[in-house]
Every structure is written in structure tokens, then in C-alpha cells.
Amino acid sequence: MIELGVTPTMIQPVILCGGSGTRLWPLSREHQPKPLHALNGQGTLLQDTAARCRGVAAIGEPLVICNEAHRFMVHAQLARLGAKPKAILLEPIGRGTAPALTLAAVYSVTSDDPVMLVMPSDHAIADAKAFRDAVEKGAALARQGFVVTFGVPPTAPETGYGYIRAGRPLAEGAASYVEAFVEKPDAERAREYFSSGRFLWNSGIFAVRASVWLDAISSFRKDIFAACERACRQGKRDGAFLRVDKGAFSDCPSDSIDYAVMERITEEAGTTQAVVVPLAAGWSDVGAWDALWAIEQKDSAGNAARGDVHLADTRNALVLAQHRMVACIGMEDVVVIETPDAVMVAKKDHAQAVGKLVSQLKAAGRPETLLHRKVQRPWGSYDSIENGERFQVKRIVVEPGASLSLQMHYHRAEHWIVVRGTARVTCGDKTFLLSENESTYIPIGTRHRLENPGKLPLEIIEVQSGAYLGEDDIVRFEDAYGR
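The structure presented is a predicted model; accordingly, all values stated were derived computationally and were not measured.

1. Things to note about the sheet that holds strand β14 (residues 304-306)
Strand pairing in a sheet relies on backbone hydrogen bonds. The paired strands run either parallel or antiparallel.
And then number 1: Taken in spatial order, the four strands of this open sheet run β14-β16-β18-β19, and their pairing is mixed. With one partner strand each, in any of the chains shown, β14 and β19 (342-347) form the two edges of the open sheet. Adjacent strand axes in the sheet meet at a mean angle of 5 degrees when their direction is disregarded.
And then number 2: Across four bridges, strand β16 (residues 318-321) lies against strand β18 (residues 334-339) in parallel orientation. Looking at β18, one finds that Leu 320 is bridged to Ile 337.

2. Points about the sheet that holds strand β29 (residues 458-466)
And then number 1: Pairing in this open sheet of six strands is antiparallel, and the strands run β20-β21-β22-β29-β24-β27 from one edge to the other. Looking at the sheet topology across the chains shown, the edges are occupied by β20 (374-377) and β27 (439-442). Each adjacent strand pair in this sheet contributes to an overall mean axis angle of 20 degrees, direction not counted.
And then number 2: With eight bridges connecting them, strand β22 (residues 391-398) and β29 associate as antiparallel partners. Counterpart to Val 397 in the pairing with β29 is Glu 459.

3. Here's the deal with the pattern of salt bridges
Pairing between side chains becomes possible if they bear opposite charge and their charged atoms approach one another.
And then number 1: Summed over all chains, the structure comprises 23 salt bridges.
And then number 2: One network of salt bridges, in which partners are shared, links Glu 68, Asp 238 and Arg 243.

4. Some points on the packing of aromatic side chains
And then number 1: In the structure shown here, the tally under the stated rule is nine aromatic pairs.
And then number 2: Ring pairing ties together the aromatic residues Phe 72, Phe 241 and Tyr 481, which thus form one cluster.
And then number 3: For the cation-ring pair, Lys 298 lies above Trp 293, with the distance from its terminal atom to the ring centre recorded as 4.8 Å.

5. Describing the side chain of Arg 373
And then number 1: With respect to the element layout, Arg 373 can be found in the loop between α11 (354-363) and β20.
And then number 2: A polar side-chain atom of Arg 373 sits 2.7 Å from a polar atom in the side chain of Asp 383.
And then number 3: For Arg 373, the side chain forms a polar contact with the main-chain oxygen of Ser 384, separated by 3.4 Å.

6. Things to note about unusual backbone geometry
And then number 1: Cis rather than trans, the peptide bond between Trp 25 and Pro 26 has omega equal to 10 degrees.
And then number 2: Here Pro 26 shows up in the loop between β1 (11-17) and α1 (45-51).
And then number 3: The phi dihedral of Asp 113 falls on the positive side, at around 50 degrees, and the residue is not glycine.
And then number 4: Position of Asp 113 among the secondary structure elements: in the loop between α3 (97-109) and β4 (115-120).
And then number 5: A positive phi angle, close to 70 degrees, is found at Arg 390, a residue other than glycine.

7. Thoughts on the state of the cysteines
And then number 1: This structure, assessed with the given rule, holds zero disulfides.
And then number 2: Distance from the sulfur of Cys 232, which forms no disulfide, to the nearest cysteine sulfur (Cys 228) is 8.5 Å.
And then number 3: Sulfur of Cys 252: no disulfide; nearest cysteine sulfur belongs to Cys 228 and is 3.8 Å away.
And then number 4: For Cys 252, a relative accessible area of 2% translates into the label buried.

8. Quick look at the nonpolar core
And then number 1: In terms of nonpolar packing, the biggest core is built from 49 residues, with Val 74, Leu 117, Phe 131, Val 148, Phe 150 and Ile 205 touching the most fellow members.
And then number 2: Of all the elements, helix α4 (residues 128-143) adds the most residues to this core, at seven residues.
And then number 3: Excluding residues that lie within four positions of it along the chain, Val 74 makes contacts with Cys 17, Leu 36, Leu 46, Val 64, Cys 66 and Ile 88.
And then number 4: Val 14, Cys 252, Ile 257 and Met 262 belong to the second-largest nonpolar core, a separate cluster that totals 48 residues.

9. Examining the pairing of β19
Consecutive side chains along a regular strand alternate between the two faces of the sheet.
And then number 1: Across the two faces of β19 the burial differs, with Ala 342, Met 344 and Ala 346 buried and Val 343, Val 345 and Lys 347 not buried at all.
And then number 2: Pairing geometry for β18 and β19, over six bridges, is antiparallel. Paired with Ile 337 across the two strands is Met 344, which belongs to β19.

10. Points about the packing of helix α6 (residues 210-220) against helix α7 (residues 222-233)
And then number 1: Between α6 and α7, the shortest axis-to-axis distance is 5 Å and the interhelical angle comes to 125 degrees. With respect to α7, the axis of α6 lies oblique. Note on element contacts: α7 touches α6 through Lys 222, Ile 224 and Phe 225, opposite Leu 214, Ile 217, Ser 218 and Phe 220.
And then number 2: In terms of residue class, the contact of α6 with α7 is made up of five nonpolar, one polar and one charged.

11. As for the pairing of β1
And then number 1: By the criterion of burial, β1 is predominantly enclosed, with seven of the seven residues buried.
And then number 2: Because side chains alternate across β1, one face comprises the buried residues Ile 11, Pro 13, Ile 15 and Cys 17, and the other comprises Gln 12, Val 14 and Leu 16, equally buried.
And then number 3: Two strands pair when backbone bridges link them, and β1 and strand β2 (residues 63-67) are joined in this way by four bridges, in the parallel orientation. From the neighbouring strand, Ile 15 faces β2, where its bridge partner is Val 64.
And then number 4: Regarding the hand of the β-α-β motif, the stretch spanning β1, α1 and β2 is right-handed.

12. Let's talk about the side chain of Arg 221
And then number 1: Assignment of secondary structure puts Arg 221 in the loop between α6 and α7.
And then number 2: When its relative accessible area of 14% is taken as the criterion, Arg 221 is described as buried.
And then number 3: A polar atom in the side chain of Arg 221 sits 3.0 Å from the side chain of Asp 223.
And then number 4: Setting aside anything within four residues of it in sequence, one finds Arg 221 in contact with Pro 253, Asp 255, Ala 260 and Arg 264.

Conventions and cut-offs
- Residues numbered from 1 in each chain as written.
- Predicted model: local features only at pLDDT ≥ 70, side-chain atom pairs only at ≥ 80, totals over all residues.
- Heavy atoms only, no water.
- Pairing = 2+ DSSP bridges.
- Helix = DSSP H or I, 4+ residues; strand = E, 2+ residues; numbered from the N terminus.
- Axes fitted to C-alpha atoms, helices over the stretch in contact; angles between N-to-C directions.
- Salt bridge = Lys/Arg side-chain N within 4 Å of Asp/Glu carboxyl O.
- Phe/Tyr/Trp six-rings, centres within 6.5 Å; stacked < 30°, edge-to-face > 60°.
- Lys NZ or Arg CZ within 6 Å of the ring centre and 35° of its normal.
- Polar contact = N/O pair within 3.5 Å; in protein donor to acceptor, adjacent residues only side chain to side chain.
- Disulfide = S-S within 2.5 Å.
- Buried < 20%, exposed > 50% of the residue type's maximum accessible area, 1.4 Å probe, protein only.
- Core = buried A, V, L, I, M, F, W, Y, C linked by side-chain atoms within 4.5 Å.
- Contact = heavy atoms within 4.5 Å.
- Parallel < 35°, antiparallel > 145°, perpendicular 65-115°, else oblique.
- Nonpolar A, V, L, I, M, F, W, Y, C, P; charged D, E, K, R; others polar.
- Right-handed = clockwise from strand over helix to strand, strands pointing away.

Interpretation in functional terms is not warranted from these geometric data alone.
As C-alpha cells, this is what we get:
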């Protein structure tokens, strides 16, 4: 136990911000995945994950692991929250949770060997105080050398979650030894687990000292340990980001924390032991639309609605409207998700099948699986509001002080109209300011740049015209974002 008067080892939040969340399409997409969306509140799931750690004793700033393609969105969302990440480790490709945690441990162990509080960034937790209380109990055990997992007391015989079988309790009574990690069960077995009282849902949240994790992963998966250590040591710092070495990380096998380490700890006698701390905090992995419906506020007919939604004779529905009015009549147990470029309608009990549909759409080359119509960029965003043969219209928003790269296009010309704010425009060898209701023309093959020198967002309408309008028709000469 921690001695009174001794400063406890720091808790290092480690936020795993990966995955694509295909079962939450059309909201979640490959280039803007589930953690980066606000599903059941004002903040995104990533922001909520970072925020719920505040108030935990001896907590530090988060260490975030994400895909390189999402780095600017992750950084911007944390900045809006006021969080200052210790670092954002960039994975060039996804390799699963075990390599992600190993990168975090290699990065962390060189300082003060903190207790890493490992959290997926795409979960919802209703009771922040209960979460903090459980974390502090788990961290105290992790300081003693245990690998701690947090198990959710089940409220139903759920088949969509993995389970943890709890064994004998620790002397302190705050946790139990883990007897086994169990795969997602069928319905009959789930009912057995639920009625036995010995099983907890596997939340995917862990607490473990960096050195303890490295000892375990190097013992059970030397190949993962070696590849991650090399990738991290050969990585390059780029402001808030650490770019791990792509060649070394590409050699790393894919695996999960459970498969790589946790199951082996429970199966093999050794010095490292796994314990489970109950987490009764209103946890949900928000893994599919029916799970979101379950945690949303509902009206007297069981409907959860957001946006410009109008319902008549409709019960137990989830209806989200982002762009247009959505009206439902005589519907029951359905999910309706409307975005500017796609609408998905499903029976609620078929929500788990959305991933299969997305796979089919991706195989067909549909861009709606990759991007939203509104695309986030490090300088702001653009929204493709109309397109046709040889033209495209975009609404572009540039944040205060931000600028696009100095660039050129081979196949398109651009017309810019300022509708809000002030623009600084570079066109060829000229640089000038444009105010609201003023416009300019960028000829094909001309070097140009758009900047916002003001203190308010700059909004312009851009009309592109030409034989080819793809995003890959761009040559960058100067770019503040290293693209």
C-alpha cells in the first residue's frame, strides 16, 4: 500500500484514439472516426475522455496515440478543451491496442515510470465521480505492480461485450483477481454469465505502470516490444507530435491488449498478476446505434431525437438530423441518421450490421465511407456544397491567424468571394487584402495562398472550374503544417 506522506507515482492518462467506428456510419467515417464526434453531449467522445480524468489525484496531462491522418483534428479538439497533451504519438498505420500501449510505455518509462491509465477514446461514462473513485483504487493497485483492468457490473445478458471472470477478492476488498478473460458469448452463455454474478463486462480500460507493461509485453510478445521500441526511439518530434518511425512500426504485428498480455497473465503462473476493479459508472462503448439510443435522453414514447426532427405515431426510435428536416410517421424501433451527403435507415435490432454495409460501400469505391461533405483541415474546414461537370462550389472557413499552403493547380482555376472577415491573398507576385463582398480570380497554374490576418473566422465561397477538380491536383511550395 502507499505510505502516508509519500507522494504517489503520477498517473499518466493514455488515450487510445484509433479505429474507424464503421458501425456508426454515416456519422463516423474513416477520415473522421467515432472519437471525433459529439454523440451524446456537447463535447466529442475524445474531449469527454480527456475531461473525465480531471480531479483524479496525481493526474498528469494526457498522452495520446492516434493515426497520423487524424493528428490535426485530435490536436484541435484537445486545444479547445484546454488540454495540453504531454505528446501526441502518431501511428503511420493501425496495429491494434497492444502496440499502441507499448509505444506509450516506451515513451513514458524514461521519465518517472508513471501509472498509465489506458482509456479508449470512444466510450461514454455517465458518472464521472464514480469513474474517478474507481481510477484512484485501480491506480493504488497498479503502483504495487498489478495489471489492473476495470470491469463493468452487467445490467443485462449482453452478447456484444467481452467478459471478465472475477476470482477471489484481494485482502483490501477493492478488487478481485482475474480468473479469465472471456470472448463475446452467445445469448445462452450470456444469460449464464449474467445470472452467476461472477462476470463483469470488459471495459477495455486499464491501469499499469509503464515498466510493468514493458516487462509483460517483452515476455509474451517480444516481436511487438522490439518493433515498438525501435519505432519510438527512431521517431522524430514535430511540435506537439512524435512521429514514430514508419519502417519499424510497419514490421510490428497487430494485436490487442487482451490477446497479447491479459489472457496470458491469467493462464500462466508468473510474477505479474491481473486484478479487476468494479466500474459502476454508467459505462457504454457506444459501439452501435442501438447502444447510443440506450444512453440518450428519450421522450415519453421512448424516442431519442436530435436536430430538426418531427415525429408522429413513432416509438422507441433514434433519429439524428444534421442538415435537413427529418419527419417520421408510424415508425417503431428504427434508427434514422441524416448527414449532408448520406441517410441511413435501419431497424434498431439490425444496428450491428451497419459495418457490413460500410464494407460493401467501401468495396464499391464510395467516398461517403471516407469523408464527410465538410472536411476538417488544420487551418479550418471546407464544405463541398455543389458540384457538376467542370465545376465545384466550396464554402471555406479559415480560422484566425491561419493560412493555407502556398500552392498551385494544373487543371483548375478558382474564383474567391469573401462573405465574412478579411482575406490576405497571394496571387502570383501580388499580395493584397479582400474585404466582405469583394472577390478575386486565381488562374490555372498560378501560385497562390489564402490567409486570415484577422481575429474572426474568414469565410469565402470558392468556385472551381476546369477539366479536373480532384483534391490531388495540388502542388505545395510552402506549408506550415508539414504536408
